[in-house]
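Listed below are the residues making up each chain.
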Amino acid sequence: MLKADRTANGWTTGRQPSATTLLLLLGLTVPVVAIGSPAPARGAASMSPTDAMKDW
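Residue indices begin from 1 for each chain and proceed along its sequence in written order. With pLDDT at 70 or above as the cut-off, local features in this predicted model cover only qualifying residues; side-chain atom pairs require 80 or more to be listed or tallied, and sums for whole chains, interfaces and linings still use all residues. Side-chain metrics in this entry use all non-hydrogen atoms of the structure; hydrogen atoms and water are not considered.

1. Notes on the environment of Ala-41
Spelled out, the test is: Secondary structure elements follow DSSP: runs of H or I no shorter than four residues count as helices, runs of E no shorter than two count as strands, and numbering proceeds from the N terminus. Throughout, exposure labels follow a simple rule: accessible area from a 1.4 Å probe, protein chains only, divided by the maximum for the residue type, with under 20% read as buried, over 50% as exposed, and the rest as partly exposed.
On the secondary structure map, Ala-41 appears in helix α2 (residues 38–45). Residue classification places Ala-41 among the partly exposed positions, given a relative accessible area of 46%. Put simply, Ala-41 and Ala-52 are eleven residues apart on the chain and 9.8 Å apart in space, counted from C-alpha to C-alpha.

As structure tokens, this is what we get:
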């Protein structure tokens, strides 16, 4: 059985992403969602509420 390094709370330790990487991911998430959301919203807006819920 393989032994893993553990911290006091029981989670395994490993290489953590840098603060720059986390900020980059957060910074890219917002534009990707903003760019990708209008098309489905426009499609749903042109449907009746019942049809939009069925398509969802």
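There's more to say after this.
2. Some details on the confidence of the model for the chain
This is how it is decided: Summary of the metric used: pLDDT quantifies the predictor's per-residue confidence within the range 0 to 100.
Per-chain confidence: the chain averages 82 in pLDDT, with 77% of residues scoring 70 or above. Here helix α3 (residues 49–55) is the element of the chain with the lowest mean pLDDT, 84, and helix α1 (residues 19–36) is the one with the highest, 94.

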